[in-house]
Each structure stands twice: as structure tokens, then as C-alpha cells.
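As a plain string of letters, each chain reads:
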Amino acid sequence: MIPSIRETSPVQSLYLAFIEALKACGFEGDLNPDYANRTVLATDNSIYQILPQGVVYPKSSEDLVKLAELSSLKQFRGIVLSPRGGGTGTNGQSLTDGLIVDISKHMNSILEINVEQRWVRVQTGVVKDQLNAFLKPHGLFFAPELSTSNRATIGGMVNTDASGQGSVLYGKTRDHVLELHTVFLDGSEWNSKPINDADFKATAARQDRVGELHRVVEDIHREHHQAIAEKFPKLNRCLTGYDLAHIHTDEGLFNLNSILCGSEGTLGFITEAKLNLLPIPTVSALVNVKYDSFELGLRDATELMKAGPTSIETVDSKVLNLAMNDIVWNTVSDFFPPADGQYAGREIAGINLVEYTADNQDELDEKIKVLTDRLDEQATSNTASSIGYSIAMGSDSVGKIWGMRKKAVGLLGNAKGEARPIPFVEDTAVPPENLADFIMEFRKVLDDHHLPYGMFGHVDAGVLHVRPAIDMKDESQIPMIREITDQVAALCHKYNGLLWGEHGKGLRSEYAPSFFGDLFVQLQRIKATCDPRNQLNPGKIATPSDDFALTKIDEAPTRGEEDRKIPVQVWEGYSDGMYCNGNGACFNWNPDDAMCPSWKVTRERTQSPKGRSALVREWLKQLSERGIDPVKQAKALREKPFISGFVSSLYARTKNTLAKNKGDYDFSNEVMESMSGCLACKSCVGQCPIKVDVPSFRSKFMELYYSRYLRPLKDYFIGGLEFMVPALVRVPWLYNGLMKPAFMQKLLAKVAGMVDSPLLTGVRLDKELQGLGVRWAAEENIRNLSSDEKARAVIIVQDAFTSFFDTQVVIDSLKLLKQLGFVPLLAPYKANGKPLHVHGFMKAFDKAANSNAEFLNTLAVEQLPLVGIEPSMTLAYRSEYQKLMGDKAPTVQLLQEWLATQREHLQSQAPQLNAGDFMLMAHCTEKTNAAASIKDWSNVFADLGQAMTLVDTGCCGMAGTYGHEAQNADNSKALYQMSWSEVVGNRDNEGKLMATGYSCRSQVKRVDKKQLPHPLQVLLAQVK
Ligand SMILES: Cc1cc2nc3c(=O)[nH]c(=O)nc-3n(C[C@H](O)[C@H](O)[C@H](O)COP(=O)(O)OP(=O)(O)OC[C@H]3O[C@@H](n4cnc5c(N)ncnc54)[C@H](O)[C@@H]3O)c2cc1C
Ligand code: SF4
Ligand code: SF4
């Protein structure tokens, strides 16, 4: 039995007092000094892990004023505050050992739009893609781009002066900031915008911090503009944080925003932003130019610029190969065929993605032609450095390729082995003409350290992203961080560039004095004016005086130091969660994207893959520090017989549970709270660039957790259902009679924690088979098939949910397969075990899975294909089963995967069917874990003469039995409303929708009282 984890790092009394004081003064947001929140917000995407004292989530500017004013009181001057948005910083920008002020949770509304004047006013917790989705119907967009656009906030973008692809045309964030609303640390609020002399004078005359700041900044401009002009490089990525070069606009207006943009939360809390918008370019295209040498690609980029593109991005072979092995490749593979013609056989080692935008197609074609003519001519005369190109025309195709490029940074973290590419020198910027030479020297630095790395970036702006692979758990590798940073900083100086081209300084600020030179003291003046006691995000950008120090890159605690405390065998036993690198892709804002429904519906960072991964790491560390090896414990648990295992621990578990209910602290309970909100939908497994597999480590955690505490009754009901159902189906009246009445429903919710439990159909497949002319998949029947029959035979593997609760789907599937000339055989029912796995009954799962696998493998005697109808149960054979038994796992295909191997035959059957037009609402696990199979559905439908489109939806909210558990019922329905409800409710979609998942169909039935058919039922109905 695992011990209780009573002691974790306690919150300092000063912070507890501060939080109490916040409560007392009417702070309306959330105050979270709990260890779970502190643990999850201790990391960003950087190499650092800094445990905060707590996290607060303000609801308004008023909350922030209260926070600021309190922190100015004498007794709270030791309080340190760090603003936070999406937490996607790559260099510890938002990390602190004080209090994190997370503005993203509540302050994320779009406040006002003026379409004619093309501006929008937002709270700064708004995510960039959220804003652009809102603007799209108005034909407008917020132009600064960044790879993390689906989770980074406007506040974060403003504070790092973010930019990315397209920056040569569109500039940086500050170029689109019209006004900022800031709460300063003395509680004063100010709306800053470029102002004329008269307004400046009036403002500078104020006797508060706002007035003082205006005076100081103007003095710096007046006294040092010459030095500033000389010092600041003339780069697209100017020297941000604090950007002294733009204190006055080209029109001569005083602009405080130039100082605030890029200030990384060191000057104040920015609560609202008024942003400039641009019209969405009408048409766009990408020319994807391939090279067999990355260096050639880099050098060619300068040439390509002459063809007047909007932007050029480059990607090396390492990144490309990682993308090829990711779900994202399915969307772009058509644009990257192997080199052919005169270049056949040459390996692609680099790609330049050359973007063109225009107001109309003719103009776009003309622009592209300038480049393609040149490339064609070079190819004909054998003078090309490239080895061919492809064109992606239209915003849809362009968006897909940019999606792949955006994911590339995260994908780098998915390299195999313990040394993983990490950010610390990853966003250098040099004049584009120096880039190739700079990179060659940069590569030498890394090669001299024998480090592998991947590279990609914005060659048009001279920015290249480089992430060397270092194992931060290995102490001997840590000194390389300092050595390499020093050498790269020196290279940046040599090539007139910057160490921080894009992602901000964060904990690399110690290099700022060397880049700002004598001007650094002016940054200190600004900092001293806004934050004289160094309370706001201290140690970054600048200190108020030399009495305080900037944090050195090797001073802050690292993730590796903490991870190192977990013994290797434990680390390996939980490898499904250990490599999360905090890139935040799981905080995806889009409700129509499958990624993490539990995060979307709660907006709690603890309820996300990153949160769960951080918590389980901390839990393992805490156990390890107590001398407990959870891997060994689990093994022992599985080996124990029922009596000495389950029964003999009953007393202790009851006692522990009573103590828990009385309020005894155990960190495991905080971890459990996070785990129990997970839907086990597996979207993280498919979509996380690192393939963090929450359901896998969650099951392992639950197994041990319930060795200490009692399980809820519902777990036994859910885990046992697959085994009970063959008996129950013989007395459906009894089961349904017990489940259906309203008073029973109430009782079940209260006692068993289950709601709206599905009812048995009462239709018995064993009785239906003969009438359908379908045989059982018994060894003898299989052997007796004629060779003709064998060629068309397929074995349908049953699952409990479809066979007993949605039996008509099985019957219709068998009918259709017969109708299409196939010979379907039905495998006798056997429990799959997935519900056991989901709830952490690992011993029982192992047993059920082994028995089922053995049985299914006996059916594979004649190599007939095994095919499952229910996506999530079927996909268990290639994930949970594979992990358990490796090659012994039976190969069970999804229906569409198998049908897609029969395309010629399907085409020959098309005349049997009327034509139709349908919309597919696919199951999340299928979309994210078997992404290519969605294309299979399109092909199958097309082959049978049907049009089919995939509807982009998020999670339906049911996910197996999640939605039937009373504790999840509200979240389950809220999730349905986020994405499915509108599509299902839309009258235009009537008669067109179909759903592959049993859970999805039952959720639609439960909430909207509609019956969505399975795709095979739809096809059956099309038969003439
Ligand atoms: C995989 C990956 C790819 C990336 N690609 C890019 C890229 O292409 N371009 C790019 O520019 N960056 C990129 N970044 C870096 C990062 O995404 C950006 O810096 C982003 O702007 C941070 O936004 P955020 O909301 O996550 O802010 P956070 O990381 O939470 O905060 C960033 C800084 O802003 C401050 N801050 C946040 N909100 C406020 C506020 N309201 N008031 C005051 N201070 C505040 C914080 O204190 C911190 O110093 C990438 C990061 C990752 C992990
Ligand atoms: S779980 Fe995956 S997507 Fe989320 S932060 Fe970790 S690595 Fe990134
Ligand atoms: S399984 Fe689904 S709900 Fe659970 S962490 Fe992964 S994405 Fe989130």
C-alpha cells in the first residue's frame, strides 16, 4: 500500500497572510495555494522548474488593483508576483518562486470591435486563435503570428512582443498594438497610446507612478536617443524589453507602449489591449521548395526573397522526419512527395516554404510565376540548388502546411531517448544576409559538443530555431547550457544579431547588459520607476538597481534536477507521462478540436495532460523520496491473491478513506482529483507532440491509489459490466426494469454514482444470426469456407457496447457487408477489458486482455481480417493490448481501414446504391489515434458513390462511461454544448449526419433525443 504524502513544500507564512488579506479585501478571483496548482504552474516550456507559493486567478482589473495595492503595503513588500498568460514561455518568462497571477483563466473576453476602423479591444487572457476565429466573419485578422497561436494569450504576446512567420510583412506584436490598459504596482491604472506633446505634458505632470514613468521615459529618449540609435540593431526583430528605440513614433508621438511591449510582466499587469486589424488576404499559396542539403536551402532563401514572397520559412530534415511520424502528416503528405524526375532518389534534407498572398487569383498566379519560372529555368539549366517544388493553393491547404510547421517546435521534443531537444538558444536573430554563415558556426558549436539538434525558422527575418538535445537529468551535461549559451551569444555579437529574436529574454536576461551596453542602466531606471522594490517578475529584463541581481541561467532550479530524483526504473515505468515538455499544445483553445476536453470544460490547468503529467511526476518524486518504488508496489499488488490482497486490505482502506473524508491531507488525493476529471478520450496520445499518454499512467496511478483508499461503487459496476452483460441480455426486462424508473435513476445516481445508464436493446445476436445468413467465426466454420468465400470473408469482433446496447448497428453492418458481396462472420462475444483499464483495474485487465487476445488469435487461423465496429474499443488492441503483450496483441482493424483495402470491389458495388451526401462526426480516439482512417471513410464513401465530409468537432462529452458518471454529468453535457449541439441542431444537417462512436450516438440520444446512424447503417439505407 502506498503511504500518504502528508508533507509537501509548505507555503511561506508571508504568502498565506497575503492570500488571507486578498480574501479580506474582496478579491473575487480564485486563490490557489494548493500543491497541485503550484506544481502544475511551476513549469513552462523551458528547462526550468520553479515552485511558486501559490497561484491567483483574477477576475478583473479591480482584482489586480487590489493585488497591487496590497503588495505595496509595508508588511507585504517581500511578496513577489509574476503575471502569466498561456504559460508557453521557452525561458522561464512567467515562472516565479512567489505568486503566479494567471490572467488567462477569467479575463479572456473580446470586449469591442470596430470593423470600419479595423480595431478590436480585448482582455489580455484572450488566445490569439480565439481572437482570429472571432474576427474571421468580419474578414479581418490580428496579424502577428506565432507557433503557439492556439494557446498563447494576447497578454503573453504583448509582453514578449511576439512574432513569427510573416513578420517581414506584418511586423511584431507591438506594430499592431494601439492601446494598452495597465495596472501598475502602486494600484494606478493607465490607458496608454501614442500621444502628442500637449497630452504628454498633462500626463507627465501627474504626481503618481504614471506621471513619473512618462517623465523618466521621455528623459531617457531626450538624453540618449543618439546612443540608442547607434546601439539598437536595424533588424526586423528589434531589441525588445524595453524597446528604447521606439519611444517616439515616426510621427513624433510619445508612445509608452513601446516600453510595455516586450516588458515580460516586469513593469505592470496589462489587462486590456486595443489592437489593429488587417483584412484577411483574399487568396494565398505556398510554394514548397525542396533541397537535399539544409545549408543549400538556407543560402537559397536570400535568392528566393527576390521573388517577392510574403514570407519564407525553412524546415530541416530532422523536423520533417518527426512530422512524418505524427498525426499532422496526414494533412500535408500530398505536398511532399519524394523527389522525382531528374532528382529521383535524392533525399529531402530541407524545405523552404515560400508564401504568397494577394487580393485576387490572377495577382497571386502572377506572383507565384515569378518564382516558379525561375525554379523551372534553373532546373532546365541544371543550375538549381533545389530538387523540385510543389504548390499548395488556397487558404485551406496553406493552413494545413502552416499547421505542420507550427507543430514542428513541439515535435522536436519527441525525439527518442533521454536527451531531448530543449530551448535555451533557440531564437537567435541575425541580419538575413548573415544567417547561413552564422548557422554554420552555430552548428560547429553544437557539433563540438557532439549534440544532435533540429532546426527550422523564419529565414526571411534571419531567425532560426535550434533546439540541441541534452539530457537535463544527467548532471554531467548541465554545464553545456552555460558553455553553449556563452558561445552563441558571442556569435550573435559577431554577426550583429540578437540572442532573443522572438521568444523574449526570461531567465536569459543576464545577457542583456552585454547587448544594451551603457544603455542598460536606462532599463534599470524604467524598472525602478515601475517596481522600485523588485516585486514584479524579478530577475528578468532589468533590476531596479545594482542592489538586485538578474537571475543567472544556471542559478534557477531546473526540471532536470527534480526529475533526477525519480529512479530510472520508476521513470521508465511511467514513461508515458515523463517527457511532457510543457509546450502547452494541450491547452488548445478551439472547441472544435478534440484536444483535451477536461481542460476545455474546466479551464483548470490541473485538468489537462500537462497538469496530469506534472502531478504524476511530482507524485513519483514524493514517493521516491519516501523510499517507495511504485513499479514494484504495482507488481506485488498484481501478484497477491484476492484474499490477501483485496480482502485483507479492506480494513486499512476503509480507515484511510474515513480519514480522507474527514480532511486528512494526502497529496495523492490532489493527484486523484486531477486524474478523475480525465475522460480517457486519448486525444492527448494522438495530438500531443510528445505523445503524452494520460490514460496509460492514470490507470497505473489509480491502481496504486485504490490500494490505499476504497473505490467508488460505480467503478466495480463499469469494470464488471462487460462480463455481466452476456447474462443480463437473457433477462433484459430485469436489467432495464431496474435501470429505467425515475426513482431507480435517482437511487443509482446517489448510491452507485451512475446517471442515464444505457438500456439493453434486448435483441440477441445469437438468435438473429441464422436469419441474417451469417455464421459464427468458429474455427470449424472458418476452415470450411470455400476459397472463394475466404477471399471475401471478414470477422467482426464484438464489443459489449455495440452488441448489447446498440445491437441494430451490428445487424445492419452484417447486412450491408453481405449486400456488398462480402462474407461476414461474427466472432463470439468476449470481454475486451478496456473499461477495466480506464479505471485502473490493472490485474483484471491483464487477465481479460490476455484471455481475449488468445481467443482472437485462434480465429486468425486462416489469416482472415479481424474488424471491430466501435472505434475506441477496437483501437485498444493496438494501444493498451500492444503495451501489455507486444506482438501477441491481435491485429484488429477499424471497419473503414479494412473496407479501404477492398476499394476495387467497393467500386464494382457502387451501382447498387443511390447517391447521397453525408457528414461524418468521427469518434475522438479514432480521429486522433488513427487519423489516416478518417480518409479511409472518405474513400469508402466515394467508392460507393457517396459524398462525405468530415465535420470538425471536439469531444461529444460521453467518452465511454464518463458522461454516465454522476460526478461528470454536468461537464459531459457542457462539452456537448461546446461543439456537437450546434451541428446536430442545425436543420440543414438533418438526414446527413452519422457518427462512428457508440458513446457519441448515445450522447446525442441523451441530450438531443436524436438517433444518429452509424456510417454503415447510412450505406445500407442507400442500397436500391
Ligand atoms: C512550441 C513553442 C513555439 C513557440 N513559437 C513562438 C513563435 O513562433 N513566436 C513567438 O513569438 N513565440 C513563440 N513561442 C514563445 C511563446 O509562445 C510566446 O512568447 C508567447 O507570446 C507567450 O504567450 P503566453 O500567453 O503563453 O505567455 P506566458 O508565457 O504566460 O507569459 C509570457 C510573458 O508575458 C508576461 N505576461 C503574460 N501575460 C501578461 C499580462 N497580462 N500582463 C503582464 N505580463 C504578462 C509573463 O509574465 C511572461 O513574462 C513559442 C513557444 C513554444 C512553447
Ligand atoms: S502534455 Fe503534451 S501537449 Fe501538453 S504540455 Fe505536455 S508535451 Fe505539451
Ligand atoms: S485522455 Fe482526453 S481528457 Fe484525459 S488528459 Fe488526455 S485529452 Fe485530456
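Residues numbered from 1 in each chain as written. Chains lettered and ligands numbered in written order. Predicted model: local features only at pLDDT ≥ 70, side-chain atom pairs only at ≥ 80, totals over all residues. Heavy atoms only, no water.

1. Brief notes about empty space enclosed by the protein
With the rule as written, the count across this model stands at 13 cavities of 30 Å³ or more. Roughly 370 Å³ of volume is contained in the largest cavity. Leu679, Ala680, Ala959, Gly960 and Thr961 are the residues nearest the centre of the largest cavity, which is lined by 29 residues in total. Classifying every residue of the lining of the largest cavity by side-chain character gives 16 nonpolar, nine polar and four charged. Reported here for the second largest cavity is a volume of approximately 320 Å³. Along the wall of the second largest cavity there are 23 residues; nearest its centre are Arg420, Ile422, Arg559, Asp563 and Asn581. When contributions to the lining of the second largest cavity are tallied by element, the ones reaching two or more residues are strand S16 (420-421) and helix H19 (559-563). With three residues, H19 is the largest single contributor of residues to the lining of the second largest cavity. (1 Å grid on protein atoms, 1.4 Å probe; cavity = no way out; pocket = protein on both sides within 12 Å on 5 of 7 lines; lining within 4 Å. Points joined across faces, edges and corners; volume = space filled by probe spheres on them. Nonpolar A, V, L, I, M, F, W, Y, C, P; charged D, E, K, R; others polar. Helix = DSSP H or I, 4+ residues; strand = E, 2+ residues; numbered from the N terminus.)

2. As for the site of ligand 2
Around ligand 2 lies a shell of 13 residues, among which Cys580, Asn583, Gly584, Cys586 and Cys688 are the nearest. Tallied by class, residues from the shell around ligand 2 come to eight nonpolar, four polar and one charged. (Near = heavy atom within 4 Å.)

3. Points about helix H4 (residues 128-135)
If you check which residues of H4 are buried, you get Lys128, Gln130, Leu131, Asn132 and Leu135. If you follow the buried residues of H4, they end up packed against strand S5 (110-114), strand S6 (119-123), strand S7 (140-141), helix H5 (154-160) and strand S10 (269-276). (Buried < 20%, exposed > 50% of the residue type's maximum accessible area, 1.4 Å probe, protein only. Contact = heavy atoms within 4.5 Å.)

4. Concerning the side chain of Thr558
Turning to its location among the elements, Thr558 is positioned in the loop between helix H18 (520-530) and H19. Once you skip the residues sitting within four places of it in the chain, Thr558 turns out to touch Ile47, Tyr48, Gln49 and Met472.

5. With respect to the pattern of salt bridges
Scanning the model with the defined rule gives 63 salt bridges in all. Note that Lys306 is salt-bridged to Glu303, the shortest N-O span being 2.6 Å. Judged by relative accessible area, Lys306 falls into the exposed class, the value being 57%. By relative accessible area, Glu303 is classed as partly exposed at 34%. Ionic pairing is found between Arg482 and Glu510, a salt bridge with its closest N-O pair at 2.9 Å. Separated by 28 residues along the polypeptide, Arg482 in helix H16 (residues 479-494) and Glu510 in the loop between H16 and helix H17 (512-516) bring together distant segments of the chain. (Salt bridge = Lys/Arg side-chain N within 4 Å of Asp/Glu carboxyl O.)

6. Remarks on the sheet that holds strand S4 (residues 99-102)
Read from one edge of the open sheet, four strands run S1-S2-S4-S3, paired in mixed fashion. With one partner strand each, in any of the chains shown, strand S1 (30-32) and strand S3 (81-84) form the two edges of the open sheet. When the angles between neighbouring strand axes are averaged without regard to direction, this sheet yields 20°. Relative to strand S2 (residues 54-57), S1 runs antiparallel, the two sharing three bridges. (Pairing = 2+ DSSP bridges. Axes fitted to C-alpha atoms, helices over the stretch in contact; angles between N-to-C directions.)

7. Topic: the pairing of strand S12 (residues 283-291)
Of all nine residues that make up S12, nine are buried, and the element is covered over most of its length. Burial of the side chains of S12 extends over both faces: Val283, Ala285, Val287, Val289 and Tyr291 are buried on one face and Ser284, Leu286, Asn288 and Lys290 on the other. Direction of pairing for S12 relative to strand S14 (residues 350-358): antiparallel, over a ladder of nine bridges. Its bridge partner being in S14, Asn288 is matched across the sheet by Leu353. Alignment of S12 against strand S15 (residues 389-393), held across five bridges, turns out to be antiparallel. Note that in S15 the partner of Leu286 across the bridge is Ala392.

8. Overview of helix H32 (residues 742-752)
Taken residue by residue, H32 has Met744, Leu748 and Ala752 as its buried positions. For H32, the arc enclosing every buried residue in end-on projection is 40°, short of the 170-degree limit, so these residues lie on one face. Facing away from the buried side of H32 by more than 90 degrees, the exposed set consists of Ala742, Phe743, Lys746 and Lys750. On its buried face, H32 sits against helix H30 (713-728) and helix H31 (732-739). Directly after H32, the chain includes Gly753, whose backbone phi takes a positive value near 70°. (Arc of directions from axis to C-beta.)

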